[in-house]
Amino acid sequence: MSDIDLNKIGTILKNRRSEKNMSIRDLAARSEIAASTISQIETGKTSPNLLTLQALCNALDLPVFSLFLDEDISNVRLVRHNEQQTFIRNISNGKALVESLITQGRNEMWGAIIDIPSNSDSGTYAHHGGEELVFILEGCINFELENYNTYVLEKYDCLYYPNYIGHRWTNTSDIDAKMLIISTSPYKF
């Protein structure tokens, strides 16, 4: 348990006990864990075993996993519409495919909204690691998965695929399209 933050666990348990208006003795009676042990756990002075944590969490109506969640607020990202990084993905038939990143930074996945002009395409097949999900916001596109299938995706249709499958899209209509794309692979532009 050397990598576990005992102070954090103790603080979570103490705060939950306080929220429930329980004394250490009340918690000891409910959990059948000695009051002195609870006090040492709450102050981070002892490393409890899993059975002890389970008994305390059951008595506090608290899921055990909540003691181990990374609550680092720096992992939360809000990107306002006017803060999105926008760039031209490529030029197709003289028209720019504009992409706006809606997530950025050190994420495990990234998201973008891509404006796809009428009668344009994404270029050659893309191949990379991870997985991707596309959701059509407006219009209709033909989404091609290399050696698999071509899907006609209309407004609110969704397609998931592993990124090692080559993928590209085409807007063959006279109406612009817009798509949300979410991917777990690192994004490079």
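Structure: see above.
K.L.:
Mind showing me how you'd approach the overall build of the chain here?
P.N.:
The helix and strand tally for the chain stands at 4 helices and 10 strands. Reading the secondary structure of the chain in the N-to-C direction produces α-α-α-α-β-β-β-β-β-β-β-β-β-β. The buried share of the chain, taken over its 189 residues, is 37%. Residue pairs at least 24 apart in sequence account for 61% of intrachain contacts in the chain once pairs closer than 6 positions are excluded. For the chain, the exposed area adds up to about 11400 Å²; of that, 51% sits on carbon and sulfur atoms.

K.L.:
Where do I start with the packing of helix H2 (residues 24-31) against helix H3 (residues 35-42) in this structure?
P.N.:
Angle between the axes and distance between the axes: these two values describe a pair of packed helices. Where H2 contacts H3, the axes come no closer than 9 Å and their chain directions differ by 115°. Classified by the angle between their axes, H2 and H3 sit roughly perpendicular to one another. For the pair H2 and H3, the crossing hand works out as right-handed. In contact with Ile24, Leu27, Ala28 and Ser31 of H2, H3 contributes Ala35, Ile38, Ser39 and Glu42. Across the contact of H2 with H3, the residue classes tally to 5 nonpolar, 2 polar and 1 charged.

K.L.:
Would you take a moment to explain the environment of tryptophan 169 for this structure?
P.N.:
Residue placement: tryptophan 169 occurs in strand E9 (residues 167-171). A relative accessible area of 3% places tryptophan 169 in the buried class. Separated by 18 residues in the primary sequence, tryptophan 169 and tyrosine 151 have C-alpha atoms spaced 9.3 Å apart. Non-local contacts of tryptophan 169, meaning those with residues more than four positions away in its chain, are made with Arg89, Leu97, Ile114, Ile116, Asp121, Ser122, Ile141, Asn142, Phe143 and Met179.

K.L.:
Just to check I follow, could you spell out the pattern of salt bridges for this structure?
P.N.:
Note that side chains of opposite charge can pair when their charged atoms are close. Applying the stated criterion across every chain yields a total of 6 salt bridges. With a closest N to O distance of 3.8 Å, glutamate 19 and arginine 16 form a salt bridge. Remark: arginine 16 and glutamate 19 occur in helix H1 (residues 6-19); sequence separation between them is 3 residues, near one turn of the helix. Put simply, lysine 178 and aspartate 115 hold a salt bridge, and the shortest N to O gap is 3.3 Å. Of this pair, lysine 178 sits in strand E10 (residues 177-183) while aspartate 115 is found in strand E3 (residues 110-116), placing the two residues 63 residues apart along the sequence.

So, how was this worked out
- Residues numbered from 1 in each chain as written.
- Predicted model: local features only at pLDDT ≥ 70, side-chain atom pairs only at ≥ 80, totals over all residues.
- Heavy atoms only, no water.
- Helix = DSSP H or I, 4+ residues; strand = E, 2+ residues; numbered from the N terminus.
- Buried < 20%, exposed > 50% of the residue type's maximum accessible area, 1.4 Å probe, protein only.
- Contact = heavy atoms within 4.5 Å.
- Areas by Shrake-Rupley, 256 points an atom, 1.4 Å probe, with all protein chains shown as cover.
- Axes fitted to C-alpha atoms, helices over the stretch in contact; angles between N-to-C directions.
- Parallel < 35°, antiparallel > 145°, perpendicular 65-115°, else oblique.
- Left-handed = near helix turned anticlockwise from the far one by under 90°.
- Nonpolar A, V, L, I, M, F, W, Y, C, P; charged D, E, K, R; others polar.
- Salt bridge = Lys/Arg side-chain N within 4 Å of Asp/Glu carboxyl O.

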